[in-house]
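Residues per chain, in single letters:
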Amino acid sequence: MSQPSNSCGVSMEARDLRFDLPGLSLEQRLRRWRDAVGDHLVDVDMRAPTDAPVREAFTGSMTVHPFQDGTLTLVDAAFQRLDRTAERIRRASTETALLTLILSGECRISQRDRVARLGPGDLCLYESVSPYRLEVAARTRAIVVTADRASVEAALGDLRPFVAAPLSSASAPGGLAANYWKDLVLRLPALDPMSTRRLVAAGLEIVSAGLAVTYGHAQPAGAALTLRRAKAFIAGNIHRESLSGKMVATAVGLSERRLQELFQQDGATLSGHIRRARLEAARQQLADPAFEHVSIGRIADNFGFPDAAHFSRAFRARFGVSPREARAASSRRAERGVAPRAK
């Protein structure tokens, strides 16, 4: 009988993986853990702490519950160190957000100069697009959720202010989030993949709300700073015909969809801002006597408009005059000693 699968062809049936089978050496257990984590969570380097007991390091199990665009995994592990390295990040084809909730034992997660020390009931978010380290000493049980980073950012906003920022079970928001995930795990056997996906999304919303309450002042500053960085990158690369929303998003470390949302909150669109910035740069060059010998077609091409007719239509729609009329008006103002007005 074939297993149910999602649209990407990944099996949607839960998988039980054990790493403490008799006769396996430490190196064999390490290799199996590394392969399993890479296949179902995020590709990482793994090693045992220097003081790890050989018989206990890399023992345990994983029960993986896949859903579209992510997994919910029950992890039972001991004496491990996981490193998401720059090399692993360069080779990655996807961007992932991760949530770890400790059920028993302890875990330490380090990312972006923050360290989250998690005990039972505590949780934190982290992400695959910047290096992190996860350390487990004695036997630890945890829920680990992976999800599409853009989807999580759509609910939470820019993840960077919140990575490795612990949400404690001792707080009301943290306790609510922890209880939700624990209850969801108990009910997983009765859920189909689509229901699981929806309930995971709801759980991430609860975590998002808890983080916003606990670290509420971090997000506005982070969003404003990201928007300024994006606009500065656009201004510095306005002459590149290949300039795109995806390129800008990559430069500031966000998904393109999340960056689009930041521009919309600012009353614009990402593509619209790029277009206006190009037209404004072209208008300034047309008004600059130093470029009076440069043809309008060449100026248009310099700022990403290889089609002169398209440039002329866009310029008129933006400024109310054609490029030729704008240049002529600037020349007349220069002769009279009048500076051009910004529009």
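Just so it is clear, the structure is predicted and the values come from calculations on it, not from any experiment.

Participant: Describe the overall build of the protein chain, and please don't skip the residues or the numbers.
Facilitator: Each helix and strand in the protein chain was counted, giving 12 helices and 11 strands. For the protein chain, contacts bridging at least 24 residues in sequence account for 69% of all contacts bridging at least 6. Within the structure as shown, the protein chain displays about 17,300 Å² of accessible surface, and the carbon and sulfur contribution to it stands at 52%.

Participant: Requested: an account of the packing of helix α9 (residues 270-287) against helix α11 (residues 308-319), with residues and values cited.
Facilitator: Packing of α9 against α11 leaves a shortest axis separation of 10 Å and a crossing angle of 95 degrees. On the basis of the axis angle, α9 is roughly perpendicular to α11. Between α9 and α11, the residues in contact are Arg 275, Arg 276, Leu 279, Glu 280, Ala 282, Arg 283 and Leu 286 and His 310, Phe 311, Ala 314, Phe 315, Arg 318 and Phe 319, respectively. Residues belonging to the contact of α9 with α11 are distributed by class as follows: 7 nonpolar, 1 polar and 5 charged.

Participant: Please set out the sheet that holds strand β2 (residues 45-47) residue by residue, giving values where relevant.
Facilitator: Across the sheet, which stays open at both edges, the 5 strands sit in the order β2-β5-β10-β7-β8 with antiparallel pairing between neighbours. On the outer flanks of this sheet lie β2 and β8 (114-118), each paired with one strand and no other. Sheet twist, expressed as the mean angle between neighbouring strand axes with direction ignored, is 15 degrees. The sheet contacts of helix α1 (residues 26-40) involve β2 and β5 (80-84), and relative to β2 the element is tilted by about 150 degrees.

Participant: Any details on the packing of aromatic side chains? Residues and values, ideally.
Facilitator: The description of two aromatic rings rests on the distance between their centres and on the angle between their planes. Evaluation of the coordinates by the stated rule reveals 6 aromatic pairs. Residues Tyr 180 and Trp 181 carry aromatic rings whose centres are separated by 5.9 Å and whose planes lie at 85 degrees to one another, so their mutual orientation is edge-to-face. Ring geometry for Phe 315 versus Phe 319: centroids 4.8 Å apart, planes at 55 degrees, classification tilted. Placement of the pair is Phe 315 and Phe 319 together in helix α11, with a separation of 4 residues, close to one helical turn.

Participant: Summarise helix α4 (residues 172-187); cite the residues concerned and give the values.
Facilitator: The terminal C-alpha atoms of α4 lie 23 Å apart, and with 16 residues this matches the ideal 22 Å at 1.5 Å per residue to within 8%. Burial in α4 covers these residues: Gly 174, Gly 175, Ala 177, Ala 178, Trp 181, Leu 184 and Val 185. If you follow the buried residues of α4, they end up packed against β4 (70-77), β6 (96-104), β9 (123-127), β11 (140-148) and α5 (193-214). Here α4 starts with a cap whose side-chain oxygen sits 3.1 Å from the backbone nitrogen of Gly 174, and that cap is Ser 171.

Participant: With reference to specific residues and values, describe the packing of α4 against α5.
Facilitator: For the pair α4 and α5, the least separation of the axes is 9 Å and the interaxial angle reads 165 degrees. Judged by the inter-axis angle, α4 sits roughly antiparallel to α5. At the point where α4 passes α5, the crossing takes the left-handed sense. Here α4 contributes Pro 173, Leu 176, Ala 177, Tyr 180, Trp 181 and Leu 184 to the contact with α5, which in turn contributes Leu 199, Val 200, Ala 202, Gly 203, Leu 204, Ile 206, Val 207, Gly 210, Val 213 and Thr 214.

Participant: Quick one: what's the story with the environment of Leu 99, residue by residue and with numbers?
Facilitator: You can see Leu 99 is positioned in strand β6. Through-space distance from the C-alpha of Leu 99 to that of Val 145 is 5.0 Å; in sequence the pair is 46 residues apart. Residues contacting Leu 99, with those up to four places away along its chain left out, are Leu 123, Cys 124, Leu 125, Tyr 126, Ile 143, Val 144, Val 145, Trp 181, Leu 204 and Val 207.

Participant: Describe the pairing of strand β3 (residues 60-67), listing the residues and the values that go with them.
Facilitator: Counting buried residues in β3 gives 8 out of 8 residues, a clear majority hidden from the surface. The alternating pattern of β3 places Gly 60, Met 62, Val 64 and Pro 66 on one face and Ser 61, Thr 63, His 65 and Phe 67 on the opposite face, and all of these are buried. Judged from the 8 bridges that link them, β3 and β4 form a sheet pairing that is antiparallel. Bridge pairing links Val 64 to Thr 73 in β4.

Participant: Hey, could you go over the sheet that holds β6 for me, with residue numbers and the actual values?
Facilitator: Across the sheet, 6 strands lie side by side as β1-β3-β4-β11-β6-β9; this open sheet has antiparallel pairing. A single partner strand is all that each edge strand has here, and the edge strands are β1 (15-18) and β9. Each neighbouring strand pair of the sheet contributes to a mean axis angle of 20 degrees, computed without reference to strand direction. In the packing of α4 onto the sheet, contacts are made with β4, β6, β9 and β11, and the angle to β6 comes to roughly 85 degrees.

The rules behind each value
- Residues numbered from 1 in each chain as written.
- Predicted model: local features only at pLDDT ≥ 70, side-chain atom pairs only at ≥ 80, totals over all residues.
- Heavy atoms only, no water.
- Helix = DSSP H or I, 4+ residues; strand = E, 2+ residues; numbered from the N terminus.
- Contact = heavy atoms within 4.5 Å.
- Areas by Shrake-Rupley, 256 points an atom, 1.4 Å probe, with all protein chains shown as cover.
- Axes fitted to C-alpha atoms, helices over the stretch in contact; angles between N-to-C directions.
- Parallel < 35°, antiparallel > 145°, perpendicular 65-115°, else oblique.
- Nonpolar A, V, L, I, M, F, W, Y, C, P; charged D, E, K, R; others polar.
- Pairing = 2+ DSSP bridges.
- Phe/Tyr/Trp six-rings, centres within 6.5 Å; stacked < 30°, edge-to-face > 60°.
- Expected span 1.5 Å × (residues − 1).
- Buried < 20%, exposed > 50% of the residue type's maximum accessible area, 1.4 Å probe, protein only.
- Polar contact = N/O pair within 3.5 Å; in protein donor to acceptor, adjacent residues only side chain to side chain.
- Left-handed = near helix turned anticlockwise from the far one by under 90°.

These results come straight from atomic positions and should not be treated as a statement about function.
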